[in-house]
Amino acid sequence: RTRRRPRGDHLIVQPLCLPKSRSFPQFRPVSATPQMFAPRAAHSLSANIRNDVFLGRRRALQGRALLKVSNVWKSTRPSLRNPRRCRAVRADAASELEDGQIEGIEGYGAISTKPATPLLDTVNFPAHLKSFTVEQLKQVAKELRADLIYNVSQTGGHLGSSLGVVELTVALNYVFDQPNDRIIWDVGHQAYPHKMLTGRRDRMNTMRQTNGLSPFTKRSESPFDCFGAGHSSTSISAGLGMAVARDMQGKSNHVIAVIGDGAITGGMAYEAMNNAGYLDTNMIIILNDNQQVSLPTQYNSLNQDPVGALSSTFARLQSSKPLRELRESAKAITKQMPVPVQEVTAKVDEYARGMISGSGSTLFEELGLYYIGTVDGHNLQDLVAILEEVKSTRSVGPVLIHIVTEKGRGYSYAEAAQDKYHGVSTFDVASGKQKKSSSSIPTYTQVFADALIGEAACDENVVAVHAAMGGGTGLNHFEKFFADRTFDVGIAEQHAVTFSAGLAVEGLKPMCTIYSTFLQRGFDQVVHDVALQKLPVRFAMDRAGLVGEDGPTHAGAYDVAFMACLPDMVVMAPMNEAELCHMIATSISVDDRPSCFRYPRGSGVGLDMLADGVESLQPGYKGRILEIGKGRILREGTDVCIIGYGACTNRCLEAADILVELGVSVTVADARFCKPLDTAMIRQLATNHGALITVEDGSIGGFASHVLQFLALDGLLDDGLKVRPLTLPDRPIEHGSLTDQLSEAGLSTSHIASTALSILGQKQEALKVLSP
């Protein structure tokens, strides 16, 4: 890394990596002054560099940053081809810490209070960056990173990915003109710095809280969020649509899609790149390769060299406007030549680009993209120069800029952590220690993993499939025992479903474990490749229902509706962790058709598993096989019946306690199955009660629809039976605490009790129950 400082007409470059025996002067935060807003020198800088490039002064230097002294280029750092070596150099360097500071936030050390951010305090919107020099931009990046770490430590959220794009975010906001220029961030994991530089920094302490900032980009939140994104791999498709619309409307703004943190592994990204290459529409795609899930490195492997990891020297050469315009002119000339000449010319160009760019460029070039890379994503000066060159180039067509970043960059505890602090709870900044829940009750996810381990121990045909969510689904724990039976397919839910179908064809018992919200992406495969062929794929749908702080993009609202409408699908939902073990055992036993079960985020009820029929195998749990399509009655009454489906049945029991105190006799049933429905139990309940309430943490069209369909066809509604279905309302429930979300959705314990009183005609009492 180097520090470059403009002085007159010359460029003075100073190396940052000093020997251990030397240290930097004390860092003194500076106050904003008028001099800080002097006109920037970026255009002359990139022009100087470009001239030197075309004088041939950097051709022999592969994979190294450069030091310019008396117009001679010299290498100043090791190659980025070996990430381990690069990190070792950073550890040996002074790391920009003050004397006596310990590791923590780069440039600040360990802090316990809000860091000083004098220059960042002058930036409310991207326009405020426009007059900054490169050195000031670097200072903004340093302060932005420190402020980001402090804010997320107070709220929790996605930290590692955002830390990796601080310099990129500053560069994008400096070079482009938002919101006229469209910048689409693929998944909101990377978008925290974007929010901070676009008028929302003062509200970062409300992130993920009720009525606070969304953890993802959201169009209704800011005009700078041009496209909402909670799921991955959508940015290129959306950006291409915006670029085509721009051209059709005769506009000239820029469209930039920033894809990374695993999103490039999604097939939709390649569909979009293929279409972009075909349409030859002018747009910029930035591939943020943070050496985690991102292609072309392997999943979670920091031992892999970044593919095509050459220096910013070649990256600048490839981004040069004269070279690209010369290439476009050459293409126009060759089109007038005979076809054989055109083919030879194209092949020479392809190989030349491959030699310059490395093996990573070939794929993108074949898709029709102009590839630039790889670029050090933490070198602000390089990023600014390249983005300005690409922005000002008049050639037409999609450009892909491949940058290499480090997830968790600048916070020592995130850099050292295996997951790079991808998602964190609140934590102590000075120590990096997260403030995890002290509950001794295991989560549903943990119980699922243990139960699947138990099933796999008893049956060698049980295998597990997930889509880049080993930690979130609990299958990383399963993998410790059955590594050869665990398959991570990347962010590719469609492939995960059909891959599981193929496993089932050959007699294995796949447990396809995908968040409810992400299974939406593989629905066609569930229908066509699984259900229509009656293949015994088992779907474990985690994060069913409302998910609190992650909001509507991650809520599991629709799975009951879209799974229970499929012929032959067995659809289940447990009310507690013991029932979850039973349903896992039941799904494994179903070998003539597909099955699925849903379970919520968070801790279970806290049962004695042995007393509830769950056997402890050490390791793992073993549930008992349930009778398909058979529910159960938990308590009996005479006035009203409440049928719960899934974990909300526990709130039905709580509501029954409230109603009993008010003199209402209540029956509570646990449906267990949405399909096949326990029609005998429902007929009995409808016959013996004058009022019936169904409760589910899902959308309209789910469990209640199946109950009402049966009641209507069976004639049970003909004699005045009153029915009230309680479902999620027909609108998204915004992020916030789960308690607030349930109250807003009308699914809290008090709302269930109030509905029962209302259906019985006790309107005043119904209102009182809802009063705080």
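Residue numbers here run from 1 along each chain, matching the order of that chain's written sequence. In keeping with the model being predicted, local features are shown solely for residues with a pLDDT of at least 70 and side-chain atom pairs are shown and tallied solely at 80 or more, while totals for entire chains, interfaces and linings include all residues. To get the side-chain values, all heavy atoms of the structure are used, and hydrogens and water are removed first.

### Regarding the packing of helix 5 (residues 166-175) against helix 13 (residues 380-392)
Between two packed helices, what matters for the description is the angle formed by their axes and the separation of those axes.
Logical step 1: Note on method: axes are straight lines fitted to C-alpha atoms, helices fitted across the in-contact stretch only, with angles between N-to-C directions ranging 0 to 180 degrees. Numbering goes from the N terminus for both helices and strands, where a helix is a DSSP run of H or I of at least four residues and a strand is a run of E of at least two. In contact at an axis separation of 9 Å, helix 5 and helix 13 are set at 40 degrees when each is read in the N-to-C sense. The pairing of helix 5 with helix 13 is recorded here as oblique in orientation. In this structure, the crossing between helix 5 and helix 13 has a hand that is right-handed. Each of Glu 167, Leu 168, Val 170, Ala 171, Leu 172, Tyr 174 and Val 175 in helix 5 lies in contact with helix 13, whose residues at this interface are Leu 380, Leu 383, Val 384, Leu 387, Glu 388 and Lys 391. Convention used here: angles under 35 degrees read as roughly parallel, angles over 145 as roughly antiparallel, angles from 65 to 115 as roughly perpendicular, and any remaining angle as oblique. Each helix crossing is assigned a hand: it is left-handed if the near helix lies turned anticlockwise from the far helix by less than a right angle, otherwise right-handed if that turn is clockwise. Pairs of residues are marked as contacts when any of their non-hydrogen atoms sit within 4.5 Å.

### Description of the pattern of salt bridges
Logical step 1: Every case where a carboxyl oxygen of Asp or Glu lies within 4 Å of a side-chain nitrogen of Lys or Arg is listed as a salt bridge. Applying the stated criterion across every chain, the model contains 29 salt bridges.
Logical step 2: Here Asp 697 ties to Arg 651 by a salt bridge, and the two come within 2.6 Å at their closest N and O atoms. In this pair, Asp 697 is assigned in the loop between strand 24 (691-696) and helix 25 (703-713) and Arg 651 in helix 23 (residues 649-661), connecting sequence segments 46 residues apart.
Logical step 3: For the salt bridge of Arg 731 with Glu 744, the shortest nitrogen-to-oxygen distance reads 2.9 Å. You can see Arg 731 sitting in the loop between strand 25 (722-726) and helix 26 (738-745) and its partner Glu 744 sitting in helix 26, a full 13 residues away along the chain.
Logical step 4: Relative accessible area decides the class of each residue, using a 1.4 Å probe on protein chains only: under 20% of the type maximum gives buried, over 50% gives exposed, and in between gives partly exposed. Taking the relative accessible area as the measure of exposure, Arg 731 reaches 41% and is therefore partly exposed.

### A look at the environment of Glu 135
Logical step 1: For Glu 135, the position within the fold is in helix 3 (residues 134-155).
Logical step 2: With a relative accessible area of 23%, Glu 135 lands in the partly exposed category.
Logical step 3: C-alpha of Glu 135 to C-alpha of Gln 381: the two residues are 246 residues apart in sequence and 8.7 Å apart in space.

### Section: the packing of helix 27 (residues 749-759) against helix 28 (residues 763-770)
Logical step 1: Where helix 27 meets helix 28, the axes come as close as 8 Å, and the angle between the chain directions of the two elements is 175 degrees. It follows from the interaxial angle that helix 27 and helix 28 lie roughly antiparallel. Taken together, the residues of helix 28 that come into contact with helix 27 (itself represented by Ser 750, His 751, Ala 753, Ser 754, Leu 757 and Ser 758) are Lys 763, Glu 765, Ala 766, Val 769 and Leu 770.
Logical step 2: For the contact of helix 27 with helix 28, the residue count by class is five nonpolar, four polar and two charged. In this count, Pro and Cys sit with the nonpolar residues alongside Ala, Val, Leu, Ile, Met, Phe, Trp and Tyr, while Asp, Glu, Lys and Arg are called charged and the others, Gly among them, polar.

### Focus: the packing of aromatic side chains
Logical step 1: The criterion for an aromatic pair is that two Phe, Tyr or Trp rings (for Trp, the six-membered ring) have centres within 6.5 Å, with stacked assigned to planes under 30 degrees apart, edge-to-face to planes over 60 apart and tilted to the rest. Applying the stated criterion across every chain, the model contains 14 aromatic pairs.
Logical step 2: Taken together, a centroid distance of 5.5 Å and an interplanar angle of 70 degrees make the contact between Phe 487 and Phe 499 edge-to-face. Note that Phe 487 is positioned in strand 13 (residues 486-488) and Phe 499 in helix 18 (residues 493-505), a separation of 12 residues in sequence.
Logical step 3: Residue class for Phe 499 comes out partly exposed when judged on its relative accessible area of 25%.
Logical step 4: An angle of 10 degrees between the planes, with centres 5.5 Å apart, marks the rings of Tyr 515 and Phe 518 as stacked.

### Concerning the state of the cysteines
Logical step 1: Note that a disulfide, as used here, is simply two cysteine sulfur atoms within 2.5 Å. One pass over the structure, following the stated rule, counts zero disulfides.
Logical step 2: Cysteine Cys 648 shares no disulfide, and the gap to the nearest cysteine sulfur, in Cys 652, comes to 5.2 Å.
Logical step 3: Since its relative accessible area comes to 0%, Cys 648 is described here as buried.

### Observations regarding the sheet that holds strand 17 (residues 595-598)
By definition, the strands of a sheet pair up through backbone hydrogen bonds, in either a parallel or an antiparallel sense.
Logical step 1: Strand order in the open sheet formed by seven strands is 13-12-14-15-17-16-23, with mixed pairing between adjacent strands. Each edge of the open sheet carries a strand with a single partner, namely strand 13 and strand 23 (673-675). With strand direction ignored, the average angle separating the axes of adjacent strands in the sheet is 20 degrees.
Logical step 2: Strands are labelled as partners when DSSP assigns at least two bridges between them. Looking at chain direction, strand 12 (residues 462-466) and strand 14 (residues 509-515) are connected through five bridges and run parallel. Its bridge partner lying in strand 14, Ala 464 is registered against Met 511.

### Here we look at the nonpolar core
Logical step 1: In this structure, Leu 159, Leu 172, Ile 286, Ile 401 and Tyr 411 are the most contacted members of the largest nonpolar core, which totals 59 residues.
Logical step 2: Among the elements that line this core, the one with the most residues is helix 3, at eight residues.
Logical step 3: Leaving out residues up to four positions away in the same chain, Leu 159 has contacts with Leu 148, Ile 149, Val 152, Tyr 411, Tyr 421, His 422, Val 424 and Phe 427.
Logical step 4: By nonpolar core is meant a set of buried Ala, Val, Leu, Ile, Met, Phe, Trp, Tyr and Cys residues that side-chain atoms within 4.5 Å join together. One finds Cys 512, Val 526, Met 569 and Leu 685 within the second-largest nonpolar core, a separate group that totals 50 residues.

### Thoughts on the pairing of strand 22 (residues 666-670)
Logical step 1: Strand 22 sits mainly inside the fold: five of its five residues count as buried.
Logical step 2: Where burial is concerned, the two faces of strand 22 agree: the one with Val 666, Val 668 and Asp 670 and the one with Thr 667 and Ala 669 are both buried.
Logical step 3: Looking at chain direction, strand 20 (residues 632-635) and strand 22 are connected through three bridges and run antiparallel. Along strand 22, the bridge assignment pairs Ile 633 with Ala 669.
Logical step 4: Alignment of strand 21 (residues 640-645) against strand 22, held across five bridges, turns out to be parallel. Bridging from a neighbouring strand, Gly 644 pairs with Asp 670 of strand 22.
Logical step 5: Of the crossover connections in this fold, the one passing from strand 21 over helix 23 to the parallel strand 22 is right-handed. Crossovers are described as right-handed under a simple rule: with the strands pointing away from the observer, the path leading from the first strand over the helix to the second runs clockwise.

Read these as spatial facts, not as claims about activity.
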